[in-house]
Amino acid sequence: MGIKSGKGAAQKIVSSGDKDQDDGLDFNEFSKYLKEHEKKLRLTFKSLDKNNDGRIDYAEVKQSLADLGVNISKEAAEKILRSVIKHLHIFSLMSSIDADGTMTVDWNEWKEHFLFNPATNLQEIIHYWKHSTVLDIGDSLTIPDEFTEEEKTTGVWWKQLTAGAMAGAVSRTGTAPLDRMKVFMQVHSSKSNKISLVGGFKQMLKEGGPTSLWRGNGINVLKIAPETAIKFMAYEQYKKLLASDAGKIEIHERFMAGSLAGATAQTAIYPMEVLKTRLTLRKTGQYSGMYDCAKKILKREGVKAFYKGYIPNMLGIIPYAGIDLTVYESLKNFWLSHYAKDTANPGIFVLLGCGTISSTCGQLASYPLALVRTRMQAQASVEGSEQLPMGRLVKKILEKEGFFGLYRGILPNFMKVIPAVSISYVVYEYMRSGLGIQK
């Protein structure tokens, strides 16, 4: 005897609790669903109850939306609020139980109303709108994604980071030839030595064969794990330090915390960035591997060589992270206010589109600093190249090549964005399924 799948809420309950996939719930499955669902309800209630008084009012519901990054005009915020709240039936709930006019809901009222409604988590916006974890375009300067209280409590966050790291590894490997072409053009292309996309690939194939297109990819993949781990841990700590109210973080505080976390992670793994550039540009037989490259740089140039280009790299975090976050949040809020009806789930194409546009805008703004960083990293390995500091190098590029000289290699860089986000999304979904992360 059990519950069979029907329509509406009943169908959602069956799909949520049906572990043996027989299109129905037996008593054990139903009991387990109730226990798990009540646990989720408790987490959601606590996340909404900002002042911990055991009751939720309208101000706390509005604040919860603000905590998710929905910091927009009052009119637009009202539209989002009504859309999400209508989905959760909070308006009708408050109206039906609020006999004394206090417009509040306590835990028992909340539980009784939502126990048989599987779509209860107001933080589904966080859940569905991750993009720096899910999408990887080869750069790691984006603000880290937020995780819901449920994801943190259940330990799902580390599985999502693992899935994201694997997605990044596959994505970077798939687009490595375009990444190498970008670095090659950043360092060697100029007005007097114009390198086309086709001509550049011909040079690389002639010099080292097909496998040379993947030079530098090994360390580019290897640095994902430490950078992701350091950035996530640092971000959580910076949020605690910068948040004006415990448990709440405004959009500008999130930007500051994310930027500082990115700077911390980049400082820790920056020698790997230098090695990646040198290995990407190496000629056949120049280095036998990562260790040999590091040893030769240390012997010939000293420890300081591992931090060449560090300043433009740090400066590049601000425009990249700031513009990426602003554009992504704006696109997210626009979609939520105009198209979100029964769920905050944007679907694959909206998510990929928003992530691609925001990342491209961020790259466009920070690209000149990325080019200067790469040239400074590579200076000692290029024959006849002067060892110039950042200011003089920028001046030299502008004098000899003009403003667009700061955008050498931008074409292969943009060409890899769409395949990179597509590959990383597909791999992320596959990994999430393999790690048992529910949608």
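Because the structure is predicted, anything quoted here is derived from the model rather than measured.

Novice: Hey, could you run me through the overall build of the chain in this one?
Specialist: The number of helices and strands found in the chain is 20 helices and 4 strands. Within the chain, buried positions represent 49% of all 439 residues. Across the chain, every contact between residues at least 6 apart in sequence was considered, and the portion connecting residues at least 24 apart equals 72%. Of the roughly 21,400 Å² of accessible surface on the chain, 61% is carried by carbon and sulfur atoms.

Novice: Is there a simple way to explain the nonpolar core in this structure?
Specialist: When a protein is soluble and globular, its nonpolar side chains tend to lie buried together. By size, the foremost hydrophobic cluster in this structure holds 12 residues: Leu-178, Met-181, Val-183, Phe-184, Met-185, Val-187, Ile-195, Phe-201, Met-204, Leu-213, Leu-281 and Ala-378. Among the elements that make up this core, the one with the highest residue count is helix α10 (residues 176-188) (6 residues).

Novice: Please explain the packing of aromatic side chains as it appears in this structure.
Specialist: Two aromatic rings, taken as a pair, are described by how far apart their centres are and by the angle between their planes. Counted according to the given criterion, the structure contains 7 aromatic pairs. Ring plane angle 70° and centroid distance 5.7 Å describe the contact between Tyr-307 and Tyr-310, whose orientation is recorded as edge-to-face. Owing to a relative accessible area of 25%, Tyr-310 belongs among the partly exposed residues under this scheme. Among the aromatic residues, those joined into a ring-pair cluster are Tyr-367, Phe-403, Phe-404 and Tyr-407.

Novice: It is not clear to me how a nonpolar patch on the surface should be interpreted in this structure. Could you clarify?
Specialist: On the surface, Leu-398, Phe-403 and Phe-404 cluster together into a nonpolar patch covering about 360 Å² of accessible area. Mapped onto the elements, Leu-398 comes out in helix α18 (residues 390-401).

Novice: Please explain the pattern of salt bridges as it appears in this structure.
Specialist: Side chains carrying opposite charge are able to pair once their charged atoms draw close together. The tally for this structure, following the rule as stated, stands at 14 salt bridges. Between Glu-236 and Lys-239 there is a salt bridge, and its shortest N-O distance comes to 3.5 Å. With Glu-236 and Lys-239 both in helix α13 (residues 224-242) and 3 residues apart, the pair spans about one turn of that helix. In terms of burial, Glu-236 and Lys-239 fall into one category: buried. One salt bridge in this structure joins Glu-301 and Arg-278, with 2.9 Å as the shortest N-O distance. Placement of the pair is Glu-301 in helix α15 (residues 290-301) and Arg-278 in helix α14 (residues 251-281), with a sequence separation of 23 residues. For Glu-301, a relative accessible area of 27% translates into the label partly exposed. Relative accessible area serves as the criterion here: at 2%, Arg-278 is assigned to the buried category. In this structure, a network of salt bridges that share partners links the residues Asp-179, Lys-182, Lys-276 and Lys-416.

Novice: Which parts of the structure should I look at to understand the side chain of Asn-413?
Specialist: On the secondary structure map, Asn-413 appears in helix α19 (residues 410-415). Beyond its immediate sequence surroundings of up to four residues, Asn-413 is in contact with Lys-182, Gln-363 and Tyr-367.

Novice: Please clarify how the environment of Gln-203 should be interpreted in this entry.
Specialist: With respect to the helices, strands and loops of the structure, Gln-203 is situated in helix α11 (residues 197-208). Residue classification places Gln-203 among the partly exposed positions, given a relative accessible area of 42%. Sequence-distant contacts of Gln-203, that is, excluding residues within four places in its chain, are made with Phe-184 and Ile-195.

Novice: For this particular structure, what's the right way to read α18?
Specialist: Two residues of an α-helix separated by three or four positions point the same way, owing to the 3.6 residues in each turn. The terminal C-alpha atoms of α18, which comprises 12 residues, lie 16 Å apart, in line with the 16 Å expected from a rise of 1.5 Å per residue. Within α18, burial applies to Leu-393, Ile-397 and Glu-401. One side of α18 holds all its buried residues, which, seen down the axis, span an arc of 35°. Opposite the packed face of α18, turned more than 90 degrees from it, sit the exposed residues Gly-391, Arg-392, Lys-395 and Glu-399.

Conventions and cut-offs
- Residues take numbers from 1 onward in each chain, read along the sequence in its written order.
- The model is predicted, so local features are restricted to residues of pLDDT at least 70 and side-chain atom pairs to those at 80 or more, both for listing and for counting; the totals for chains, interfaces and linings are taken over all residues.
- The basis for every side-chain value is the complete set of non-hydrogen atoms in the structure, without hydrogens or water.
- Put simply, DSSP marks the helices as runs of H or I at least four residues long and the strands as runs of E at least two long, and each gets a number from the N terminus on.
- Buried residues are those whose accessible area, probed at 1.4 Å on protein chains only, stays under 20% of the maximum for their type, while exposed residues exceed 50% and partly exposed ones sit between those limits.
- Whether two residues touch is decided by their heavy atoms; if any such pair falls within 4.5 Å, the residues are in contact.
- Here the accessible surface of atoms and residues is derived via Shrake-Rupley with a 1.4 Å probe, and residues count as covered only by protein chains that are part of the display.
- Side-chain atoms within 4.5 Å are what join buried Ala, Val, Leu, Ile, Met, Phe, Trp, Tyr and Cys residues into a set we call a nonpolar core.
- Side-chain rings of Phe, Tyr and Trp, where Trp is taken by its six-membered ring, are said to pair if the distance between their centres is within 6.5 Å; with planes under 30 degrees apart they count as stacked, over 60 as edge-to-face, and otherwise as tilted.
- A residue counts toward a patch only above 30% relative accessible area and without a salt bridge, and it is joined to like-charged neighbours within 9 Å or, for Val, Leu, Ile, Met, Phe, Trp and Tyr, to nonpolar neighbours within 5 Å.
- Salt bridge criterion: a side-chain nitrogen from Lys or Arg within 4 Å of a carboxyl oxygen from Asp or Glu.
- Multiplying 1.5 Å by the helix residue count minus one yields the expected span of that helix.
- Directions from the helix axis toward the C-beta atoms define the arc.

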